Amino acid sequence: MTLPAGKRRGRRGAARGGGGPRPAGKRRVSGGVAGGGPVGMIAAIELGRRGVSCVLLNDRPTTATHPKANAISSRTMEHLRRLGLARAVRARGLDDDHPTDLAYFTRLSGYEIGRYRQPSRREALAEAASGTGRWASAEPPHRCSQLFLEAELKQAVDALPAVEVRFGWRLEEFRDRGDRVEALARRSDGADEIVYEAGYLIGCDGAGSGVRAALGIELAGESGVIRPIMGGPMYATYFEADPAAGWLAQDPAWQYWILNPEFRALFIPVDGGDKFLFITALGTGDGGMRDPAAAIRRAAGADFPLRVISSQNWTAGYALVAERYRRGRVFLAGDAAHLFTPTGGMGMNTGIDDAVNLAWKLAGEIAGWGGGFLVDSYEAERRPIARRNTAFASRFADSIGHMPVDAAIEEAGAAGREARAALGRLVEAHAHFEFTIPGIFLGLSYAGSPIVAGDGSSPPPDDPNAYTPNACPGARAPHAWLAGGALHDVLGPEFTLLRFGDAADPAPLLAAAGVPGLPLAVATVEDPAARAIYGADLVLIRPDHHVAWRGNRLPRDCRTLVDLARGAGQTQTTT
Ligand SMILES: Cc1cc2nc3c(=O)[nH]c(=O)nc-3n(C[C@H](O)[C@H](O)[C@H](O)COP(=O)(O)OP(=O)(O)OC[C@H]3O[C@@H](n4cnc5c(N)ncnc54)[C@H](O)[C@@H]3O)c2cc1C
């Protein structure tokens, strides 16, 4: 069947109606999520844990089987901590003591050119617990394959009664009827169909988003950039080989980069055992790079037994952002809304932040306390972040992609030694630039958002490699260790009035929030160091842990502040 006079899905072999099976009636849900990758699953978890009924459709029957992302940002880990999933995800991936170094080689069996030391999971957590290190967070970055993250998310979403999880079902077409979205879901084997009537639809259907295409939304930005690596056609191979078979460097690392005059490539351990991901550019060197096993052996500089599990072509060199994130009742998130070159590890992490940002707003709209501008603020807040993050990723890609590799780099003599020493300095500086990026993940700000009350302060300069803890309105609520744990852990599940000391009576704000039903908790903290970071006695923190407002006393008109935070007011409030 097809939806009458609906917008048709135009891509990816979408089936057309006709003589298919009859639909099993219409089902009503508040939200529909198309795409069960990491972004769609987070969106469904955020909705489902709030009791919002929704359906999650994923055309493939299982979570991903071919690894892509392996850098889970500190910010994503903070979200997972808020959702009670950080511990389980942290337990996956490389062993506790596996270093997460960035190591650069001519070939694995050739010369090590440079190494940027990075802590193991155990060391990173110890640094975070002691408040040292570069990541001012209870949750430092985690090096873990997307395969394992997706498996954990799937388990979490399956456990939510409000979410109807349908893997092996694709969104076939949808139509925005103005007061609801009608969506036709078809089992991937064609054996069954269901029509959903959903309040809203979120397109989390990845880079080739059919939802985006059906909405007629274009991507804008940079594409077609060619670099010796991380720009143009790329090839990723998931393979199995015994790491003790003499082909892998003795000193373990998280990423093993290969730079030589013939080609550039990258090895990433997937599980800390015998599974690896190999990434290289197509079109560099000779055609031998198209034979995955031969390319792997060539980059290793050794012949060794290996089994190719899967290979995928993909394209790097994009920094593209959708021109709109919403049309009517349909939204875009994740790769459907932006395309990155994966340098810096930002595509999935940015997408997860999208889903977090959108879901509480949709939940507020569905619950009735969300004002008319609340869901509009999703695009206002997240699109600039996608433009910012794709631009940073491009700079990282230029830096590693165009790294000058001297023709003598593999020579044993003085010329080779000098070339390696020079490149070693460059790659170590590059590794810091690309991988120590607390400014990107912790320093993001929604200052200027229509649902953030400015106080005249400005966020610190946006530096990818440095983060200055601050609570300028719009900022991510900064982390602080309190006597009993992390400050983020004492915040409520939705809005929280964070109160340092007991000087101010929260009653007027609670009363004002109660009128529209805005869910608001109060957290009282006695901690001068945390108060100094936050710079005010009172801070209103949103469900996504961004600062909506701060001041030393409540505004005279608390209702105006509540209306601003819930997207029902247009003017900014100060004390
Ligand atoms: C080599 C590589 C390394 C990377 N490394 C990192 C990294 O370290 N960190 C990082 O943050 N990002 C990284 N990325 C990017 C990251 O993998 C993506 O940004 C991420 O997968 C996007 O998640 P998503 O949920 O938006 O889309 P996807 O993961 O593409 O998921 C979309 C899902 O929707 C399904 N779908 C599509 N159409 C339909 C339909 N009509 N109906 C139902 N389901 C549908 C698809 O089958 C898929 O399961 C990397 C990418 C690559 C290629």
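The structure this text deals with has already been given above.
Just so you know, the residues in each chain are numbered from 1, in the order the chain's sequence is written. Local features in this predicted model are restricted to residues of pLDDT 70 or higher, and side-chain atom pairs are both shown and tallied only at a pLDDT of 80 or more, whereas totals for entire chains, interfaces and linings draw on every residue. Values reported for side chains reflect all heavy atoms of the structure, with hydrogen atoms and water molecules removed beforehand.

Caption draft 1: Up close: the layout of surface pockets. Here the second largest pocket is characterised by a volume of approximately 320 Å³. Around the second largest pocket, the lining is made up of 21 residues, and of these Thr100, Gln118, Pro119, Ala124 and Pro141 lie nearest the centre. Mapped onto the lining of the second largest pocket, the elements with two or more residues apiece are helix H4 (121–130) and strand E7 (142–143). With four residues, the single largest contributor to the lining of the second largest pocket is H4. Residue composition of the lining of the second largest pocket, grouped by class: seven nonpolar, eight polar and six charged. Method remark: on a 1 Å grid restricted to protein atoms, a set of points is classed as a cavity if a 1.4 Å probe fits but cannot get out and as a pocket if it is open with protein on both sides within 12 Å along at least five of seven lines; lining residues have an atom within 4 Å of a point. Grid points are joined across faces, edges and corners, and a volume is the space filled by probe spheres set on the points. Helix and strand assignments follow DSSP, with helices taken as H or I runs no shorter than four residues and strands as E runs no shorter than two, numbered in order from the N terminus. Each residue gets one label: Ala, Val, Leu, Ile, Met, Phe, Trp, Tyr, Cys and Pro are nonpolar, Asp, Glu, Lys and Arg are charged, and the others, such as Gly, are polar.

Caption draft 2: Representation of the packing of helix H12 (residues 507–514) against helix H14 (residues 558–565) within the structure. To get an axis, fit a line to the C-alpha atoms, keeping to the stretch in contact for a helix; angles then go from 0 to 180 degrees between the N-to-C directions. Axis separation between H12 and H14 bottoms out at 8 Å; the angle between their running directions is 55°. By the angle between their axes, H12 is oblique relative to H14. The two elements H12 and H14 meet at a crossing, and its hand is right-handed. Of the residues in H14, those touching H12 at Pro508, Leu509, Ala512 and Ala513 are Cys558, Arg559, Leu561 and Val562. Considering only residue class, the contact of H12 with H14 consists of seven nonpolar, no polar and one charged. Orientation is classified from the angle alone, with under 35 degrees giving roughly parallel, over 145 giving roughly antiparallel, 65 to 115 giving roughly perpendicular, and any other angle giving oblique. Left-handed describes a crossing in which the near helix is turned anticlockwise from the far one by less than a right angle; the clockwise case is right-handed. In this description, contact between two residues means that some pair of their heavy atoms is separated by no more than 4.5 Å.

Caption draft 3: Representation of the nonpolar core within the structure. What makes a nonpolar core is a set of buried Ala, Val, Leu, Ile, Met, Phe, Trp, Tyr and Cys residues whose side-chain atoms join them at distances within 4.5 Å. Under the scheme applied here, a residue whose accessible area is under 20% of the maximum for its type counts as buried, over 50% as exposed, and between as partly exposed, the area being computed with a 1.4 Å probe on protein chains only. Residues Leu80, Tyr104, Phe174 and Ile202 are the most contacted members of the largest nonpolar core, which totals 102 residues. Here Tyr104 is in contact with Tyr111, Glu112, Ile113, Gly114, Trp257, Leu259, Ile400, Val427, His430, Ala431 and Phe435, once residues within four sequence places are set aside.

Caption draft 4: Main features of the sheet that holds strand E15 (residues 264–269). Here the rule is simple: two strands pair whenever DSSP picks up at least two bridges between them. Across the sheet, seven strands lie side by side as E6-E5-E14-E15-E16-E13-E17; this open sheet has mixed pairing. Sheet topology places strand E6 (112–116) and strand E17 (307–316) at the edges, where each strand pairs with a single neighbour. The average undirected angle you get between the axes of adjacent strands in this sheet is 20°.

Caption draft 5: Up close: empty space enclosed by the protein. One pass over the full model with this rule turns up five cavities of 30 Å³ or more. There is about 80 Å³ of room inside the largest cavity. In this structure, the largest cavity is lined by 13 residues; those nearest its centre are Ala71, Arg143, Gly344, Ile437 and Phe441. Listing elements by their share of the lining of the largest cavity, those giving two or more residues are strand E4 (71–72) and helix H10 (414–435). Tallied by class, residues from the lining of the largest cavity come to seven nonpolar, four polar and two charged. The computed volume of the second largest cavity comes to approximately 50 Å³.

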